[in-house]
Amino acid sequence: SNAHMYVAFEDAKIVGTGSIGSYWGSEKESILLTIFVLPEYHGIGIGRKIIETLEQDELFLRANRIEIPSSITACAFYEKMGYTYKDGIKQLDGEGHYRMEKYR
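Everything numeric in this text was worked out from a predicted model, so none of it was measured.

Calculation criteria
Residues numbered from 1 in each chain as written. Predicted model: local features only at pLDDT ≥ 70, side-chain atom pairs only at ≥ 80, totals over all residues. Heavy atoms only, no water. Core = buried A, V, L, I, M, F, W, Y, C linked by side-chain atoms within 4.5 Å. Buried < 20%, exposed > 50% of the residue type's maximum accessible area, 1.4 Å probe, protein only. Helix = DSSP H or I, 4+ residues; strand = E, 2+ residues; numbered from the N terminus. Contact = heavy atoms within 4.5 Å. Polar contact = N/O pair within 3.5 Å; in protein donor to acceptor, adjacent residues only side chain to side chain. Pairing = 2+ DSSP bridges. Axes fitted to C-alpha atoms, helices over the stretch in contact; angles between N-to-C directions. 1 Å grid on protein atoms, 1.4 Å probe; cavity = no way out; pocket = protein on both sides within 12 Å on 5 of 7 lines; lining within 4 Å. Points joined across faces, edges and corners; volume = space filled by probe spheres on them. Nonpolar A, V, L, I, M, F, W, Y, C, P; charged D, E, K, R; others polar. Arc of directions from axis to C-beta.

Visitor: Looking at this model, I keep getting lost on the nonpolar core. Mind explaining?
Guide: General note: in soluble globular proteins, nonpolar side chains tend to be found buried as a group. L32, I46, I51, Y78, Y83 and M100 are the most contacted members of the largest nonpolar core, which has 24 residues in total. When contributions to this core are tallied by element, the ones reaching two or more residues are β2 (13–22), β3 (29–37), α1 (46–54), α2 (58–61), β4 (65–70), α3 (75–80) and β6 (98–103). Counting residues per element, this core draws most heavily on α1, at four residues. Setting aside chain neighbours within four positions, we find Y83 in contact with L32, I51, E55, F60, I66, I68, Y78, M100, E101 and K102.

What follows is the structure, encoded as C-alpha cells:
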C-alpha cells in the first residue's frame, strides 16, 4: 500500500523497472525509485513508458511533489520528462545522486 513497482518485459526478459512510494510516509509527496532500463534497450521509449506509467499511479496522482534521485547520466532524460533539480540546485548528494523533483 506504500509503494508500487512496475516491470517492463521483452518476451520473458526483464528490460526495465520503476517504482513509486510515499516520501517518508507523506500523502502529499512521493518518490520515484528503482528506475532502470538495460543499456541495450536505451533510446527506444521504454524509460519514457515507465515514467508515464508511474505518473498515472495513484501515489503520483495524490502527491503535490514528486522527488527522484537521479544518476549523473539520467538527469537529461528526467529533465525531458519535466523534472527539475530540487530547489534549483544541481548538486550531488551523499549517495552520488542528483535530487530532482516535479510539482503538480
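Visitor: So what exactly am I meant to see when it comes to the side chain of S19 here?
Guide: Position of S19 relative to the elements: it lies in strand β2. Here T34 takes part through its side chain, which lies 3.4 Å from a polar atom of the side chain of S19.

Visitor: Looking at this structure, how should I read the side chain of S30?
Guide: Position of S30 relative to the elements: it lies in strand β3. Judged by relative accessible area, which is 0%, S30 ranks as buried. Of the polar contacts made by the side chain of S30, one reaches the backbone oxygen of L59; its length is 2.6 Å. With near-sequence residues (within four places) excluded, S30 lies in contact with I20, G21, S22, Y23, L59, F60, A63, R65, I66 and E67.

Visitor: Honestly, the sheet that holds β2 in this entry has me stumped. Any pointers?
Guide: Sheet strands line up and pair through hydrogen bonds in the backbone, either parallel or antiparallel. Taken in spatial order, the six strands make up an open sheet running β1-β2-β3-β4-β6-β5, and their pairing is mixed. At either end of the open sheet lies a strand with only one pairing partner, and these are β1 (3–10) and β5 (84–85). For β5 and β6, the ladder comprises two bridges, and the chain directions are antiparallel. Counterpart to T84 in the pairing with β6 is E101. Contacts between α1 and the sheet are confined to β1, β2 and β3, with β3 contributing the most and set at about 155° to the helix.

Visitor: Looking at this model, I keep getting lost on the pairing of β4. Mind explaining?
Guide: Across the six residues that make up β4, a large majority, six, are buried. Where burial is concerned, the two faces of β4 agree: the one with R65, E67 and P69 and the one with I66, I68 and S70 are both buried. Looking at chain direction, β3 and β4 are connected through three bridges and run parallel. Its bridge partner being in β4, S30 is matched across the sheet by I66. Here β4 runs beside β6; their pairing, made up of six bridges, is antiparallel. What sits directly across from I68, in β6, is M100.

Visitor: Looking at this model, I keep getting lost on the layout of surface pockets. Mind explaining?
Guide: In this approach the atoms are scanned with a rolling probe the size of a water molecule, which exposes any empty space left behind. Volume-wise, the largest pocket comes out at about 540 Å³. Broken down by element, the lining of the largest pocket gets its largest block of residues, six residues, from β3. In the lining of the largest pocket, the residues fall into 13 nonpolar, nine polar and two charged.

Visitor: Explain α1 here, please?
Guide: Burial in α1 covers these residues: I46, G47, I50, I51 and L54. Down the axis of α1, the buried side of the element spans an arc of 135°, and every buried residue falls inside it. As for α1, its buried residues are in contact with β1, β2, β3, α2 and α3.

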